[in-house]
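Now for the letters of each chain:
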Amino acid sequence: MSQLWPRLNPALARMLFTELAGTSTENLATAARNEHAQTTYAATGGARVSPRQVGALVTELRTTAAEFGYPTPADESERIGFDRAAAEVLFAGMDLTTVEAAHRGVWNFVALVAAPDLVQWRFGRGNTERWIASDLTRHMFARLWWQALTFAVPTSDGRTDFSLLRGLSESDLNQITERRSLAGNPRLAQAVARVVLSDSGGRSRRTVLRDLTPRLRRRLAFIDFAVLTDEQLDDQVRALAHASGGS
Amino acid sequence: MKDVKPFFVPATAAIRAHSWAHLVDDEWEQLGPYVENWDYRSRLRLRSAIDADMPEVRATARLTDQSPLSWSFGWRATDTGLIGEPVLVDATDEHVQVDVDVPSERAGATIVLTRRLVLRRDRMFAQPGEARWAGSILWSDETTVRLTGQGAAFPTEVIDFRTLGRDPGSSWYLDLPVTPDVPAMGSMILLINSADTALVAAVTRSRRHTDLQQMLIDSMEEGVVEEFVRWALTRWPELEEAEPDSVGAAGRTLANRVLPDPESWTSPDVDSMALRSAIVDGARRIGFGRSLS
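Reading the values: rules and limits
- Residues numbered from 1 in each chain as written.
- Chains lettered and ligands numbered in written order.
- Predicted model: local features only at pLDDT ≥ 70, side-chain atom pairs only at ≥ 80, totals over all residues.
- Heavy atoms only, no water.
- Phe/Tyr/Trp six-rings, centres within 6.5 Å; stacked < 30°, edge-to-face > 60°.
- Helix = DSSP H or I, 4+ residues; strand = E, 2+ residues; numbered from the N terminus.
- Buried < 20%, exposed > 50% of the residue type's maximum accessible area, 1.4 Å probe, protein only.
- Lys NZ or Arg CZ within 6 Å of the ring centre and 35° of its normal.
- Pairing = 2+ DSSP bridges.
- Axes fitted to C-alpha atoms, helices over the stretch in contact; angles between N-to-C directions.
- Contact = heavy atoms within 4.5 Å.
- Salt bridge = Lys/Arg side-chain N within 4 Å of Asp/Glu carboxyl O.
- Polar contact = N/O pair within 3.5 Å; in protein donor to acceptor, adjacent residues only side chain to side chain.
- Nonpolar A, V, L, I, M, F, W, Y, C, P; charged D, E, K, R; others polar.

**Some thoughts on the packing of aromatic side chains**
Phase 1: Within the structure shown, the criterion is met by 10 aromatic pairs over all chains.
Phase 2: Centre to centre, the rings of A:Phe82 and A:Trp121 are 5.2 Å apart; their planes meet at 85 degrees, and the pair counts as edge-to-face. Of this pair, A:Phe82 sits in helix 4 (residues 76–93) while A:Trp121 sits in helix 7 (residues 116–123), and the two are 39 residues apart along the sequence.
Phase 3: Aromatic pair A:Trp145 and A:Trp146: ring centres 5.3 Å apart, planes at 75 degrees, arrangement edge-to-face.
Phase 4: Assessed through its relative accessible area of 1%, A:Trp145 is described here as buried.
Phase 5: One aromatic cluster is present, built from ring pairs that chain together A:Phe91, A:Trp145, A:Trp146 and A:Phe162.
Phase 6: One Lys or Arg, A:Arg122, reaches over the ring of A:Phe123 and ends 4.2 Å from the middle of that ring.
Phase 7: Geometry around B:Trp236 places B:Arg252 over its ring, the cationic atom sitting 4.8 Å from the centre.

**A word on the sheet that holds strand 9 (residues 137–146) of chain B**
Residue and element names in this part refer to chain B.
Phase 1: Taking strand neighbours across the sheet as the criterion, the four strands line up as 6-5-8-9 in an open arrangement whose pairing is antiparallel. Since the sheet does not close on itself, it has two edges, and those belong to strand 6 (87–90) and strand 9, each with one partner. The average angle at which neighbouring strand axes cross in this sheet is 15 degrees, direction not considered.
Phase 2: Judged from the nine bridges that link them, strand 8 (residues 110–119) and strand 9 form a sheet pairing that is antiparallel. Within strand 9, the position partnered with Leu-113 by the bridge is Thr-143.

**Structural notes on the side chain of B:His22**
Residues and elements named next belong to chain B.
Phase 1: Counting through the fold element by element, His-22 comes out in strand 2 (residues 21–24).
Phase 2: Using a relative accessible area of 11% as the deciding quantity, one classes His-22 as buried.
Phase 3: Setting aside residues no more than four positions away along its own chain, His-22 makes contact with Glu-27, Trp-28, Glu-29, Gln-30, Leu-31, Val-35, Leu-44, Arg-45 and Leu-46.

**With respect to the interface of chain A and chain B**
Phase 1: With 42 residues of chain A in contact, the opposing surface of chain B contributes 45 residues.
Phase 2: On the surface where chain A and chain B come into contact, there are three salt bridges.
Phase 3: Inspection of the region where chain A meets chain B yields nine residue pairs in polar contact (both at pLDDT 80 or more).
Phase 4: Contributing elements (two or more residues each) for the side of chain A that touches chain B: helix 1 (10–19), helix 5 (98–101), helix 8 (142–151), helix 12 (186–198) and helix 14 (230–243) of chain A.
Phase 5: In terms of residues, the side of chain A that touches chain B owes the most to one element, helix 1 of chain A, which gives five residues.
Phase 6: Grouping the amino acids of the side of chain A that touches chain B by side-chain chemistry returns 19 nonpolar, 14 polar and nine charged.

**Focus on the sheet that holds strand 12 (residues 189–193) of chain B**
Residue and element names in this part refer to chain B.
Phase 1: Pairing is mixed across the open sheet formed by three strands, whose spatial order is 10-12-11. The sheet terminates laterally at strand 10 (156–159) and strand 11 (172–175), the two strands that pair on one side only. Averaged over all pairs of adjacent strands, the angle between strand axes in this sheet comes to 25 degrees, irrespective of strand direction.
Phase 2: Bridge count for strand 10 against strand 12 is four bridges, and the pairing is parallel. Across the sheet, the residue bridging to Val-158 is Ile-192, located in strand 12.
Phase 3: Its contacts with the sheet put helix 3 (residues 197–204) on strand 10, strand 11 and strand 12, and the angle it makes with strand 12 is roughly 135 degrees.

Here you go:
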């Protein structure tokens, strides 16, 4: 049965965000809680996570963060390394339906109640979107869970292969996942990832994606990519990348 | 605006799509705008049928070379854009009926059911104006269904205003963002004070309201529309460029529906009472609040 996570409404989230101002990463870790009196849950449809389960996930995320320098300030490559590893931890640790994962309150709770120290360490306080969920592709934790969902490839032995996700840069991910018409079809997003990771024809991947994504979006107006086989998908994406001067 | 494709499409009269049906207690019922009692464990079972004059379809789409065509029955979630795996059926018979399951773990609060006629293989020797690429959409229609009930249309939460630092004697508070470009879902919420037990009872009851409950809901609806329209008017020039699905786009749409000429109400010297009167009149006209007729 899928999990129901606590939800923190945006008004409370904004209040907590203000309250946490000026607190160090170490003190935020101390202040982190596995539950909050004002949270709500979806009425039905799954099993509520216990505070112990919340704590176990956050502990695992902190352990992952420690591998990349937490709690001391991290450089760009450490932060990106954490993102990729944390996406897998989060996806494995939060058994969510996509309706639940689309509910901003869930992510407000994780960021502001359960693991504010990790948000502070990863992003600082400069951008409230990283703390209070509005755009799911921008929030500290929501974006990682959705990235994992988009690029998770089931293997024949029942495991999940995240090698596509691991291979993509932050810029690649932004260009793919911030366009719902692409990321909404995981098979298409994976085909794009496969093509840009395989060969960029001497151009930067950023350039290839910058040229490819608008071409794909134009074609989405009259092509249903969901009906294509993986081979057809790869062929079409590769042809468009080639037409834009890429692989 | 008419959807214009870069290739010939079938004559619309050649295709007749029947209403979607869904399975309720082992009986097929016509699908309405929302599914009651859906939750994350509910597998939505749907049925759809299409009649098509396939020779006419092929002739008018200029695809008489036996290129493989399929009907695709699928869905996508509107909040996340996530697309479900479609059910594909060869488009050879005059009548086709298909059952579609929408798995609960990948659905959305609102889903769009899609039916499409698609080309299955690339046509290397397509003539100008003929569909060339596999996946080309020759015909399509869409049906929107809300899965989490009518209440989900506007995010609402009951909460103790004392814990929020809001006026403890007020009944509701419409929390709107400062910037209009943030997504509507997640950035606006109607907070209802748990201390107003009469209002809480009214909004948590889905049907058969008492007269008092209906009056409380009507009054709140008019107030919410007024607040949202006023919010939109104060930033009207910005809203022209608002992102689709943003709170700004929602505010602009509502203001345009409620007021005949929203821009004329954007002056800082506007008569506040006259504006209130115009908004309430417009809100009632489109079905919010009391009806005087």
